[in-house]
Amino acid sequence: MNNIDPEETQKILIRLKTVRGHVAAVERMIEEGKDCDEVLHQLLAIRSAVQKVSVVIAQRYTNICLIEALEKGENQQEVMNKAIETLMKLNQ
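Residues numbered from 1 in each chain as written. Predicted model: local features only at pLDDT ≥ 70, side-chain atom pairs only at ≥ 80, totals over all residues. Heavy atoms only, no water.

Some details on the packing of helix α1 (residues 6–31) against helix α2 (residues 36–71)
Following both chains from N to C, one finds α1 and α2 inclined at 160°, their axes separated by 9 Å at the closest point. Classified by the angle their axes make, α1 and α2 are roughly antiparallel. Here α1 runs over α2; the crossing is left-handed. Along the lines of polarity and charge, the residues of the contact of α1 with α2 split into 17 nonpolar, two polar and five charged. (Axes fitted to C-alpha atoms, helices over the stretch in contact; angles between N-to-C directions. Helix = DSSP H or I, 4+ residues; strand = E, 2+ residues; numbered from the N terminus. Parallel < 35°, antiparallel > 145°, perpendicular 65-115°, else oblique. Left-handed = near helix turned anticlockwise from the far one by under 90°. Nonpolar A, V, L, I, M, F, W, Y, C, P; charged D, E, K, R; others polar.)

As structure tokens, then:
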């Protein structure tokens, strides 16, 4: 992930640390036998945080990585097909 603004990198790392904290919380909750409802709420928070990171990185991918690949002379159709395939996997 070259050419990413250091401030943006910090935001991504903060979001990932939040995810790590939520995962640790779920582990503790399961060990402590917490209610399923509480665990599911934490899992929803994890999914939301991961989705937000995915969106930020997908934006960087389309704005920087694809352009770099095309500027390097890579085949435009192959680059676009790979990008579409990768971004579609995010929505599954």
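Anyway, onward from the coordinates.
With respect to the pattern of salt bridges
Scanning all chains against the criterion turns up four salt bridges. Linking Arg 60 and Glu 8 is a salt bridge whose minimum nitrogen-to-oxygen distance equals 3.5 Å. Remark: Glu 8 occurs in helix α1 and Arg 60 occurs in helix α2; sequence separation between them is 52 residues. As a salt-bridge pair, Glu 32 and Lys 34 come within 3.9 Å of each other at their nearest N and O atoms. (Salt bridge = Lys/Arg side-chain N within 4 Å of Asp/Glu carboxyl O.)

Remarks on helix α3 (residues 76–90)
With 15 residues, α3 extends 22 Å from end C-alpha to end C-alpha; this agrees with the ideal 21 Å at 1.5 Å per step. Regarding α3, its N-cap is Asn 75, as a side-chain oxygen of that residue lies 3.0 Å from the backbone nitrogen of Gln 77 further along. (Expected span 1.5 Å × (residues − 1). Polar contact = N/O pair within 3.5 Å; in protein donor to acceptor, adjacent residues only side chain to side chain.)

Looking at the packing of α2 against α3
Between two packed helices, what matters for the description is the angle formed by their axes and the separation of those axes. With their axes 11 Å apart at the nearest point, α2 and α3 run at an angle of 175° to one another. The angle between α2 and α3 falls in the class roughly antiparallel. In this structure, α2 contributes Gln 51, Ser 54, Ala 58, Tyr 61, Thr 62, Leu 66, Ala 69 and Leu 70 to the contact, and α3 contributes Gln 76, Val 79, Lys 82, Ala 83, Thr 86, Leu 87 and Leu 90. Partitioning the contact of α2 with α3 into residue classes produces nine nonpolar, five polar and one charged. (Contact = heavy atoms within 4.5 Å.)

Regarding the environment of Val 19
Here Val 19 shows up in helix α1. With 27 residues separating them in the primary sequence, Val 19 and Ile 46 have C-alpha atoms 5.5 Å apart. Among all residues touching Val 19, those that are not within four sequence positions of it are Ile 46, Ala 49 and Val 50.

Some details on the nonpolar core
Core analysis: the largest hydrophobic core is formed by six residues, namely Val 19, Val 26, Met 29, Val 39, Ile 46 and Ala 49. Secondary-structure elements contributing two or more residues to this core are α1 and α2. What Ile 46 contacts, discounting residues up to four positions off in sequence, is Val 19, His 22, Val 23 and Val 26. The next biggest cluster of nonpolar side chains, apart from the first, holds five residues, and it includes Leu 66, Ala 69, Val 79 and Ala 83. (Core = buried A, V, L, I, M, F, W, Y, C linked by side-chain atoms within 4.5 Å. Buried < 20%, exposed > 50% of the residue type's maximum accessible area, 1.4 Å probe, protein only.)

Quick notes on α1
Given a rise of 1.5 Å per residue, 26 residues ought to cover 38 Å, and the 37 Å separating the end C-alpha atoms of α1 matches this to within 8%. Looking only at α1, the buried set comprises Glu 8, Ile 12, Val 19, Ala 25, Val 26 and Met 29. Turning to α1, the residues buried within the fold contact α2. Downstream of α1 by one or two residues, Gly 33 has phi in the positive range, about 70°.

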